[in-house]
Every structure is written in structure tokens, then in C-alpha cells.
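# Remarks on the overall topology
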Amino acid sequence: MTRSFDPTAARADILARIAVAAKASGREPGDVTLVAVSKQQPWERVATIQETGQAVFGENRVQDAMAAWENHRDGVELRLIGPLQTNKVKEAVAFFDVIETLDREKLAVALAAEMQKQGKAPRLYVQVNTGEEEQKAGVIPAEADAFIAACRDTHALTIEGLMCIPPAQEPPGPHFALLSKIAARNGIEKLSMGMSDDFETAVRFGATSVRVGSALFGPRG
């Protein structure tokens, strides 16, 4: 960590802000999980955050996560929050507690087969590309209901939640509202949305988990 950055204070501040946003929307602070986005962070920083009591972490890449966390899994919940390629499904199912980026039929087929083979059931979130951005992963909103139904009915997958990453250049609120509406009409209670710059807005729109990196780990270098 940099000399001027205090991870304990940063985490406490983020949790306090989550609590205020939750209460403002008639919810309890405990309804929202803080996911520390540890991707590409030096292990020294990750360990320092873990020492503050943080137990839920998000990683973008399967191989990087396995290298970083292989000997540090006790008491930790790991979430895959980056795109998942089908050739990494075996490792992802074995290693992660939650996979937040289910977004296409081929991946649903691969996950269903591998989960049955391993006898493991990581919790699954469908990623929705609320901004319909060509460069971004996720099922588009118009196809989300049908995809969720296929995951459940065709592939016997339990969908715990939905995840989105709004376009950087647009206000996030409408995207969070859209994800919440898709979840409600499909009977889905968990919403992974909101990052360092907009997690309070996400909480007000019903986020049950927020993915925070830079605000928690501090500046790089």
C-alpha cells in the first residue's frame, strides 16, 4: 500500500457509505455484500485488505486467480467477475464459489456438464449487457428472459443473480433499474452491480453485492 493510503479506513468508509445507501432505500446494511476486486493487485495489497476482515473477493481471470489464491482459500469466497471461456470451465467450476458471467448458450452447456461431472455447484449469475455494447460481454436485455429460462429449464442450472457493467459514459442509474426489472420478473433476488464510482447508486437500485477495486485498494504504485 502507499504510505498515505489506509486500507482499514478505506474499507470502513465504503461499508459506512453502503450502510447509508441501504438505509435510504429501506434496506439493512447487511443486505449488501462488499466484493473486493483483487484482480491484478499485488498479493501484499490483497493480504492487507484481507486482514481488515474482508472475506469476499472478485477476480477477472481463472488462471490469475488460481495462481494468487491457491494457498489462501481458507475462509474466503471467490467470485469470477470476468468473462469465462469454455476451455476454462473445468478450472472455474473447481475453484470459484460464484461465477457471475454466464452469458451464452455454449457456456451454459459447458457449465451444466462440468458441474454434474465434478459434483460441484458454484452459484451462478447471468451477465446482462444493459448498454448493448459490442465490445462487452453479456446477454442483451431483450434476450435475457429467454436465456434465463433456457438455463433453468433446458440445462437445469440454478440462477442466483444477475450482473451488469453499465457503459462508462452513461449515468448508471437507468442500467441498474433495468437489471432490477429483469431480475424481478424472473424471480431473481441477487443483483451484482456497482463499482468504485457508483456503488452507492447501485445500492439504492437494489444491489445485493457491489464490486469495489480502486476505492478499496488505493492507487497503484
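Counting restarts for each chain, with residues numbered from 1 along the sequence as it is written. Thresholds applied to this predicted model are a pLDDT of at least 70 for local features of residues and 80 or more for the giving and counting of side-chain atom pairs; totals over whole chains, interfaces and linings are not thresholded and use all residues. Heavy atoms throughout the structure, all of them, feed into the side-chain values; hydrogens and water do not.

## A few points about the overall build of the protein chain
The test is simple: Numbering goes from the N terminus for both helices and strands, where a helix is a DSSP run of H or I of at least four residues and a strand is a run of E of at least two. Within these notes, the globule rule equals 2.2 Å times the number of residues to the 0.38 power, and the radius of gyration is based on C-alpha atoms. Buried residues are those whose accessible area, probed at 1.4 Å on protein chains only, stays under 20% of the maximum for their type, while exposed residues exceed 50% and partly exposed ones sit between those limits. Residues count as neighbours in contact if any of their non-hydrogen atoms are within 4.5 Å of one another. In this description, accessible areas are obtained by the Shrake-Rupley approach with a 1.4 Å probe, and a residue is regarded as covered only by the protein chains that are shown. When charges are counted, Lys and Arg are positive and Asp and Glu negative, with His and the chain ends excluded. A single reference atom marks each charge: NZ on Lys, CZ on Arg, CG on Asp, CD on Glu.
When you go through the protein chain residue by residue, the secondary structure sums to 9 helices and 8 strands. The C-alpha atoms of the protein chain give 17 Å as radius of gyration, which agrees with the globular expectation for 221 residues (17 Å, within 12%). Taking the principal axes of its C-alpha atoms as reference, the protein chain extends roughly 50 × 40 × 30 Å. Of all 221 residues assigned to the protein chain, the portion counted as buried reaches 50%. Within the protein chain, contacts between residues at least 6 apart in sequence are counted, and of these 56% link residues at least 24 apart. Here the protein chain displays about 10,500 Å² of accessible surface, and carbon together with sulfur accounts for 49% of that area. Positive and negative charge centroids in the protein chain, built from 25 and 29 side chains respectively, lie 1 Å apart.

## What to know about the nonpolar core
Inclusion rule: Note on terminology: a nonpolar core comprises buried Ala, Val, Leu, Ile, Met, Phe, Trp, Tyr and Cys residues joined through side-chain atoms within 4.5 Å.
Of all hydrophobic cores here, the largest spans 57 residues; its most connected members are Leu102 and Leu111. It is helix α5 (residues 105-118) that provides the largest number of residues to this core, a total of 6 residues. Setting aside its immediate chain neighbours within four residues, Leu102 contacts Leu107, Ala108, Leu111, Leu124, Tyr125, Val126, Gln127, Phe147, Cys151, Leu157 and Ile159.

## A look at the state of the cysteines
Note the threshold: We call a pair of cysteine sulfur atoms a disulfide when they lie within 2.5 Å.
Scanning all chains against the criterion turns up 0 disulfides. Cys151 carries a free sulfur, and the closest cysteine sulfur to it, the one in Cys164, is 17 Å from it. Assessed through its relative accessible area of 0%, Cys151 is described here as buried. Among the residues examined, Cys164 registers a relative accessible area of 0% and is labelled buried.

## Let's talk about helix α7 (residues 173-185)
Side chains of residues three or four places apart in an α-helix project in the same direction, reflecting 3.6 residues per turn. Applicable threshold: Helix span, expected: 1.5 Å multiplied by one less than the number of residues in the helix.
Over its 13 residues, α7 runs 19 Å from end to end, which matches the ideal 18 Å to within 8%, given 1.5 Å per residue. For α7, the complete set of buried residues consists of Gly173, His175, Phe176, Leu179, Ile182 and Ala183. Those residues of α7 hidden inside the fold are in contact with α6 (141-153), β6 (159-163), β7 (190-192) and α8 (199-204). Phi for Gly187, located one or two positions after α7, is positive at around 65 degrees.

## Topic: the layout of surface pockets
Where we set the bar: The rule is simple: put a 1 Å grid over the protein atoms alone, call a set of points where a 1.4 Å probe fits but cannot get out a cavity, call an open set with protein on both sides within 12 Å along at least five of seven lines a pocket, and count a residue as lining if it has an atom within 4 Å of a point. Grid points are joined across faces, edges and corners, and a volume is the space filled by probe spheres set on the points. Under the scheme applied, nonpolar residues are Ala, Val, Leu, Ile, Met, Phe, Trp, Tyr, Cys and Pro; charged residues are Asp, Glu, Lys and Arg; polar residues are all the others, including Gly.
One number sums up the size of the largest pocket: a volume of about 480 Å³. As for the largest pocket, its lining consists of 22 residues, of which Val37, Lys39, Asn60, Ile165 and Met195 are closest to the centre. In terms of residue class, the lining of the largest pocket is made up of 7 nonpolar, 9 polar and 6 charged. Size it by volume and the second largest pocket reaches roughly 160 Å³. Lining of the second largest pocket is provided by 13 residues; of these, Lys39, Gln40, Glu59, Asn60 and Asp64 occupy positions nearest its centre.

## Focus on the pairing of strand β2 (residues 56-59)
Every other side chain in a regular strand lies on the same face of the sheet, so the side chains alternate between the two faces. Condition: Strand pairing follows a simple DSSP-based rule, namely that at least 2 bridges must link the two strands. When the strands point away from the viewer, a crossover counts as right-handed if the route from the first strand across the helix to the second turns clockwise.
Going residue by residue along β2, you find Val56 and Gly58 tucked away on one face and Phe57 and Glu59 tucked away on the opposite face as well. Here 2 bridges tie strand β1 (residues 33-37) to β2, and the two strands are oriented parallel to one another. Bridging across to β2, Val37 finds its partner in Gly58. Where the polypeptide runs from β1 across helix α2 (residues 43-51) and back to β2, its parallel neighbour, the crossover connection is right-handed. Relative to strand β3 (residues 77-80), β2 is paired through 4 bridges, and the arrangement is parallel. Across the sheet, residue Glu59 finds its bridge partner in β3, namely Leu80. In this fold, β2 hands off to helix α3 (residues 62-69), which returns the chain to β3; that crossover is right-handed.

## Some points on the pattern of salt bridges
What counts, and what does not: Salt bridges, as used here, are contacts in which a Lys or Arg side-chain nitrogen is within 4 Å of a carboxyl oxygen on Asp or Glu.
Enumeration over the complete set of coordinates arrives at 10 salt bridges. Ionic pairing is found between Glu100 and Arg79, a salt bridge with its closest N-O pair at 2.9 Å. Linking Glu100 in strand β4 (residues 98-102) with Arg79 in strand β3, this pair joins segments that are 21 residues apart in sequence. Of the two residues, Glu100 and Arg79, neither departs from the other in class, the shared state being buried. Glu133 serves as the salt-bridge partner of Lys136, at 2.6 Å between the closest nitrogen and oxygen. Put simply, Glu77, Arg79, Glu100, Arg123 and Glu160 are held in one network by salt bridges that share partners.

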